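# Structural overview for review
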Amino acid sequence: MRTFLYQWIKTNGVMLFNAGSLVATFIVKSGLGFAYWWVAARQFSPEAVGFASAAVSGMTLLGTLCMLGSGTLLIRELPRQPGQEAALLTTALLMVGAVGGCIGLLFAFTMPFLSADLHPLRASAQSVTFFAVGVSLATVNLVLDQALIGLLRGDLQLWRNILFAGAKLVALSVAGFWLLQRGGLVIYATWALGDAFSLVALAGFAVLKGKWTVRKTFPLWGWVRKLGPSALQHHLLNLLLIGPNLALPVLVTVLISATMNAWFYVAFLLADVVYVIPQALVTALYAVGSARPNVLARKARLTLVLAVVTTVFANGILLFGSRQLLTLFGPGYAEQGVWSLRILGLGAIPFLIKDHYVAICRIQDRIARALLPLAGSAFLELGIAALGARLGGISGLSLGWVIAVCIEALLMSGTVYKTIRPISTPTDQDQRQPYHLYHDEASAIERDQMPQNAIQESTNYPKG
């Protein structure tokens, strides 16, 4: 039994380690994020907090849109380009940082015309520039986090987010205590400062370790031309995946009421907890499968089993504890949102199939073929959810969305089954690692399994 457990950990440790780092990042950002906004509410006026939350939300949304598919593309490409990791990463970060800055400038200039509450964004040239820099930093760090998972260095991704969350909280506390002018831009500034500090700290770590030289970080702009179409496909795929989630609260507001949306939105956020571990497992599967396509079937079977177990367990907690959780926000939330929360949690089970389908399409370079089905899926989710909202309020909308996801899972299950079904037992040769896995313990394991020429080759370029 002990030998079996050791072999299981040895075989799957890298993937589980990186999935665990994503879960830990969610916990850290959620916990310190709550503390951050608690300090902001205590030290700043409601008007300042309201403006800052809108500015930070806009920054995050723009950063997500300006990633241009580079993050998910890097997860796939970095293991396939040994020796060029630093150059590829520099190229992607410079590109998305420039795009994020330009879009941030445009947003800061135009949005105050639509809402007077956002006027501080263009109150001065410094305000406009500062907002744009914040968007640029947010975009860079979003791509960097995904790239670190592609390098299978989830530990560095976790530490960057700990530094980010801790630095912005300290900066906010200091600003609230020392500064006389406590406007919303001050809160936004502490958020951007946390992004900058974590980025500089990570760059300093790489320099001190001596892993990457300046020459190896020169951008490869030819990579942009070569992989630009692929990055666009990843970007479109990402938008199709997150679009329905962003639109559901809007549907509730438009079709029902803003008050009902308050109850729905809290239930929607709480239900996200059920999805965290499964999505972390799928992200790690994508990273490992991109580096070693020959083990995709075995790894996917493992992530499916673990995801189902954790999802069922989390739904059991929601079934009995949903009312108590919602009561923390007020009696109205518990009365109106309890069934919506339970139904949304159940949606994580069929969503597992969709997540694995998308990861398989990315690994097997079949994104173009997946775009049309996923576009249809997005419209299906919104259509049935809207019908459910008309018939049954927020509970009906939640049920409609889950029914749509179940239909998608049924249609996508064939591809997932063909990928994960066991065909033959991998030989020792099949299990040899073709790519360096960028983690010290994992590297030691791999070297025991690699032929001598591959070991020599793997030492010719640095770890992440």
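For the structure itself, look to the data block above.
Attention in this report is confined to the structure presented alongside it. (Residues numbered from 1 in each chain as written. Predicted model: local features only at pLDDT ≥ 70, side-chain atom pairs only at ≥ 80, totals over all residues. Heavy atoms only, no water.)

A few words now on helix α12 (residues 348-363). End to end, α12 covers 22 Å across 16 residues, agreeing with the expected 22 Å (1.5 Å per residue, within 8%). The element α12 is extensively covered by neighbouring structure, given that 14 of its 16 residues are classed as buried. Among the residues trailing α12, aspartate 365 stands out with phi positive, at a value near 55°. (Helix = DSSP H or I, 4+ residues; strand = E, 2+ residues; numbered from the N terminus. Expected span 1.5 Å × (residues − 1). Buried < 20%, exposed > 50% of the residue type's maximum accessible area, 1.4 Å probe, protein only.)

Scanning the model with the defined rule gives ten aromatic pairs in all. Their ring planes at 70° and their centres at 6.3 Å tell us that phenylalanine 130 and tyrosine 188 sit as a pair that is edge-to-face. Pair noted here: phenylalanine 130 is in helix α5 (residues 125-150) and tyrosine 188 is in helix α7 (residues 184-209), with a separation of 58 residues, a long-range link. Tyrosine 188 sits in the buried class, given a relative accessible area of 0%. On the basis of an interplanar angle of 20° and a centroid distance of 5.4 Å, the ring pair of phenylalanine 264 and phenylalanine 268 is categorised as stacked. (Phe/Tyr/Trp six-rings, centres within 6.5 Å; stacked < 30°, edge-to-face > 60°.)

Here we take up helix α3 (residues 70-77). For α3, the tally of buried residues reaches eight of eight residues, placing the bulk of the element in the interior. Where α3 is concerned, the buried positions are Ser70, Gly71, Thr72, Leu73, Leu74, Ile75, Arg76 and Glu77. On its buried face, α3 sits against α4 (85-114), α5, α8 (221-255), α9 (258-291) and α12. (Contact = heavy atoms within 4.5 Å.)

The next point concerns the side chain of asparagine 18. By the element assignment, asparagine 18 lies in helix α1 (residues 2-43). Residue classification places asparagine 18 among the buried positions, given a relative accessible area of 0%. In terms of polar contacts, asparagine 18 uses its side chain to reach the backbone amide nitrogen of glycine 154, at 2.8 Å. Residues contacting asparagine 18, with those up to four places away along its chain left out, are Ile149, Leu152, Arg153, Gly154 and Ala284. (Polar contact = N/O pair within 3.5 Å; in protein donor to acceptor, adjacent residues only side chain to side chain.)

Bringing unusual backbone geometry into the picture now. Phi is positive for leucine 152, close to 60°, though the residue is something other than glycine. Tracing the chain through its elements places leucine 152 in the loop between α5 and α6 (154-178). Exposure remark for leucine 152: the relative accessible area of 1% places this residue in the buried category. The backbone of aspartate 365 sits at a positive phi, close to 55°, despite the residue not being glycine. One can find aspartate 365 in the loop between α12 and α13 (367-420).

Further remarks concern the environment of serine 398. Structurally, serine 398 is set in helix α13. In the structure, serine 398 is positioned 13 residues away from alanine 385 in sequence and 6.6 Å away in space, judged by C-alpha atoms. When sequence neighbours within four positions are dropped, the list of residues in contact with serine 398 reads Phe264, Ser340, Ile343 and Leu344. Among the polar contacts listed, one links the side chain of serine 398 to the side chain of serine 340, at a separation of 2.6 Å.

Bringing the nonpolar core into the picture now. Among the nonpolar cores identified, the biggest contains 38 residues, and Met15, Leu237, Tyr357, Leu374 and Val416 are the most heavily contacted of them. Residue assignment for this core shows that the elements contributing at least two residues are α1, α9, α10 (296-327), α12 and α13. Residue contributions to this core peak at nine residues, all from α9. In this structure tyrosine 357 touches Ala370, Pro373, Met412, Thr415 and Val416, once residues within four positions along its chain are discounted. Counting 30 residues, the second largest nonpolar core, distinct from the first, contains Ala334, Ile394, Leu397 and Val402. (Core = buried A, V, L, I, M, F, W, Y, C linked by side-chain atoms within 4.5 Å.)

What follows is about the environment of leucine 341. Its location among the elements puts leucine 341 in helix α11 (residues 331-346). Given a relative accessible area of 0%, leucine 341 falls into the buried group. Placed 70 residues apart in sequence, leucine 341 and alanine 271 show a C-alpha to C-alpha distance of 6.0 Å. Discounting chain neighbours no more than four positions away, the residues touching leucine 341 are Ala267, Leu270, Ala271, Leu318, Ser322 and Leu326.

This part takes up the pattern of salt bridges. All told, the structure shown has seven salt bridges when counted by the stated rule. As a salt-bridge pair, aspartate 365 and arginine 76 come within 2.6 Å of each other at their nearest N and O atoms. Highlighted residues: aspartate 365 in the loop between α12 and α13 and arginine 76 in helix α3, separated in sequence by 289 residues. Residue classification places aspartate 365 among the partly exposed residues on the basis of a relative accessible area of 44%. Aspartate 195 is the partner of arginine 160 in a salt bridge, and the nearest nitrogen-oxygen pair spans 4.0 Å. A residue pair is termed long-range when its members are at least 10 positions apart, and arginine 160 in helix α6 and aspartate 195 in helix α7 qualify at 35 residues. Of the two residues, arginine 160 and aspartate 195, both sit in the buried class. Through salt bridges with shared partners, a single ionic network connects Arg76, Glu77 and Asp365. (Salt bridge = Lys/Arg side-chain N within 4 Å of Asp/Glu carboxyl O.)

Mapping proline 79 onto the fold places it in the loop between α3 and α4. Overall, proline 79 belongs to the buried group, its relative accessible area being 3%. Between the C-alpha atoms of proline 79 and leucine 151, which are 72 residues apart in sequence, the distance is 6.7 Å.

A few words now on the packing of α9 against α11. Packing of α9 against α11 leaves a shortest axis separation of 8 Å and a crossing angle of 40°. For the element pair α9 / α11, the angle class is oblique. Crossing geometry of α9 relative to α11 is assigned as right-handed. Touching Met260, Ala262, Trp263, Phe264, Val266, Ala267, Phe268, Leu270, Ala271, Val274 and Tyr275 of α9 are Gly332, Tyr333, Gln336, Gly337, Ser340, Leu341, Leu344 and Gly345, all from α11. Broken down by class, the residue content of the contact of α9 with α11 amounts to 14 nonpolar, five polar and no charged. (Axes fitted to C-alpha atoms, helices over the stretch in contact; angles between N-to-C directions. Parallel < 35°, antiparallel > 145°, perpendicular 65-115°, else oblique. Left-handed = near helix turned anticlockwise from the far one by under 90°. Nonpolar A, V, L, I, M, F, W, Y, C, P; charged D, E, K, R; others polar.)

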